[in-house]
Amino acid sequence: MYYSDEIIEEVRSRNDIVDVISEYVGLKKSGTSYKCCCPFHSEKTPSFIVSREKQIFHCFGCGAGGNVYTFIMKYENYSFMEAVEYLAKRAGITLPEKEMSSEDKKRYSRKQQMYEVNKSAAAYFHFLLTKTERGKLGYNYYKQRGFTDETIAAFGLGYADIYRDDLYKYLKSKGFTDTIMKDAGLVEFDERNGPKDKFWNRVMVPITDINGKIIAFGGRVLGDAKPKYLNTKETDIFNKSRNLFAMNIARHSRKRGVILCEGYMDVIAMHQAGFDNAIASLGTAFTEGQANLIKRYTTDVYLAYDSDGAGRNAAMKAIGILRNLEMSQKVIDLKPYKDPDEFIKNLGAEAYEERIRNALTGRIYEIDSVVDNFDLNSPDEKTAFMKEAAQLLAGIEDSAERQNYIESVSSKYYLNRDELKKLVTSAGLSGNQVVANEYQTREYRNRVEIDPVEEDQKYLITMMVNEPYLFEKLENVLSEEDFTVDYIRAVADMLFKQYRDTGTVNPAQILNRYEDAENQEKVSGIFTKELEFDTTPSVLEKALTDLIIKIKTANIDRLLKTGEGISSIELAKKKSEIKRLRIKV
Ligand SMILES: [Zn+2]
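Per chain, the residues get numbers from 1 upward, laid out in the order the sequence is written. For this predicted model, a pLDDT threshold of at least 70 governs which residues receive local features, and a threshold of 80 or more governs which side-chain atom pairs are given and counted, while totals over whole chains, interfaces and linings are taken from all residues. Only hydrogens and water are set aside when side-chain values are computed; all heavy atoms of the structure are taken into account.

### Comments concerning the packing of aromatic side chains
- Pairing of aromatic rings covers Phe, Tyr and Trp, the last counted by its six-membered ring, and requires centre-to-centre distances within 6.5 Å; plane angles under 30 degrees mean stacked, over 60 mean edge-to-face, and any other angle means tilted. One pass over the full model with this rule turns up 27 aromatic pairs.
- On the numbers, 4.7 Å between centres and 50° between planes, the contact of Y24 with Y75 is tilted. Taken together, the residues Y24 in the loop between α2 (17-22) and β1 (28-30) and Y75 in helix α3 (residues 68-76) connect sequence positions 51 residues apart. Across the pair, exposure class does not vary: Y24 and Y75 are buried alike.
- Ring-pair connections join several aromatic residues into one group, and the members of that group are Y24, F40, F48, F57, F71 and Y75.
- A positively charged side chain is recorded as over a ring if its NZ (Lys) or CZ (Arg) lies within 6 Å of the ring centre. The angle to the ring normal must also be within 35 degrees. One cation-aromatic arrangement involves K213 over Y115; the distance from NZ or CZ to the ring centre is 4.4 Å. Secondary structure counts use DSSP, requiring at least four H or I residues in a row for a helix and at least two E residues in a row for a strand, with both numbered from the N terminus. Burial classes follow relative accessibility: with a 1.4 Å probe on protein chains only, a residue under 20% of its type's maximum area counts as buried, one over 50% as exposed, and anything between as partly exposed.

### Regarding the pattern of salt bridges
- By definition, a salt bridge exists where a carboxyl oxygen of Asp or Glu is found within 4 Å of a side-chain nitrogen of Lys or Arg. According to the stated counting rule, one finds 36 salt bridges in the structure shown.
- The salt bridge involving E521 is made with K74; its shortest N-O contact spans 4.0 Å. Pair noted here: E521 is in helix α23 (residues 517-528) and K74 is in helix α3, with a separation of 447 residues, a long-range link.
- For E521, a relative accessible area of 22% corresponds to the partly exposed category.
- For K74, a relative accessible area of 34% corresponds to the partly exposed category.
- Among the ionic pairs, D341 bridges to R145, the shortest N-O distance being 2.9 Å. Of this pair, D341 sits in helix α14 (residues 340-357) while R145 sits in the loop between α6 (136-144) and α7 (149-154), and the two are 196 residues apart along the sequence. Exposure class is identical for D341 and R145. Each is buried.
- Bridged by salt links that share partners, the residues D16, D19 and R52 form one connected network.

### Observations regarding the sheet that holds strand β14 (residues 300-304)
- DSSP calls a pair of strands paired once it identifies at least 2 bridges connecting them. The sheet built from five strands is open, its strands ordered β13-β12-β14-β15-β16 with mixed pairing. The sheet is open, and its two borders are formed by β13 (278-280) and β16 (360-361), each paired with just one other strand.
- Note: strand β15 (residues 328-331) against β16, two bridges, orientation antiparallel. Within the sheet, the bridge partner assigned to K330 lies in β16 and is T361.

So, in structure tokens, the structure goes:
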């Protein structure tokens, strides 16, 4: 660690956790806390809680939790130091010069060097494309696609030529090490044949993160070699499932929502046609991480996937992901053309605008896709189609919305409306049944894993953190031995110490530096939990008295059983003393 505890605490306290997390996900106020669907696991009902008062977050679904540092580290994939630097910058705090060990320096500057080497490679590819005779091949390819010189410059498009170590030699001359080139995925090293450029004979597209830093490349081969499209492998600065092509531009667009395309060539063509809100996932299927990235800027997503079978499947998957995150999904019909690029070339931007306005909602698109499998002239198949459609419609939670869909689907396909309605109702019932059963088994599974001793000790800490004045009242009642679970005892120690030093407790500070994520998550859960009863003194006194007697008695019973320490007569005496304990608050 390079920064003092004081600095780390100052940076933490000047970044309000609700404000920071709101920059990533949509939080809704709920009682004294804020709630949303967890960005770290897939869920439909929110169990992700953020407390402004305590400055911590916790997901009661997957257990993720901690303070503002933990969130940034988890979400951005940052190291602790990177999180400190990011949040310091956000709060306008200048960090003192850090003293790094040479090992740290190496690790830290490695990422910086990877950005640098990518930047140099991009400049070189662009130079080859625009300024050399050998680059003509690539330049002509782009021209054939209809890309203008402005577009080529704006996206920094380039060309990797036909020599196997051309880029390697260039980067070497710029002083980059073999290791950095390899780590950035630009050059491969083979013991027998030496260095070999990863990309050659390809037109090159730099891929940037949302801040515009080049993190990877996509290359399309010239000619018939395979693979047609090749991307940089995942590296320490390139996480495919967390980045979207052109998101750095789209996030500043004045157009409504984003248009999600299949590939970067589509995106470039669309930007050239004026749709600067077009983006694409990077050589993978659309992921939840990418959906969350979009959600930071907008919840409206238009899908412009290819109109073939593969494109349709990909669109269906994306619809499911977006729906889970409560984002709106609409599908742009590109027929009779295969992709957005072809569409715009043939019909122009205005016709495309029109298609955007008439985009189908995700539900209708799904039903449209299903209908192709049935011959609606056959009564049997028509019934089968109705059942399938009912299944899809039953998934709509809002009843007014569901009714509207039943109306429009029945009129679109000439189905009997009342019949469809009935089918939707029965599909909904059996669907709910399944969910309820699944929920029960999960609840049951959780219950058997719970250790009652641990639960009681956790709950005692929860009560004290929610009513900090209890630390003073309980200082003489509780002792270290009362907390028999290691991580809970450590937390109790820290809290009592904070209270003695400052007259209050600061749960978020305790979470600053946890070596062990599992314990940190458990502790954030204890801190985030709220009391389920009202905290008037008489109620609290009774609850506390009962709980502390229970904890102390359980500990003595355990000692009696194991025969450790004091004699059993001593213990029995202690036990009856405990029974008489009365807590006053
Ligand atoms: Zn979660």
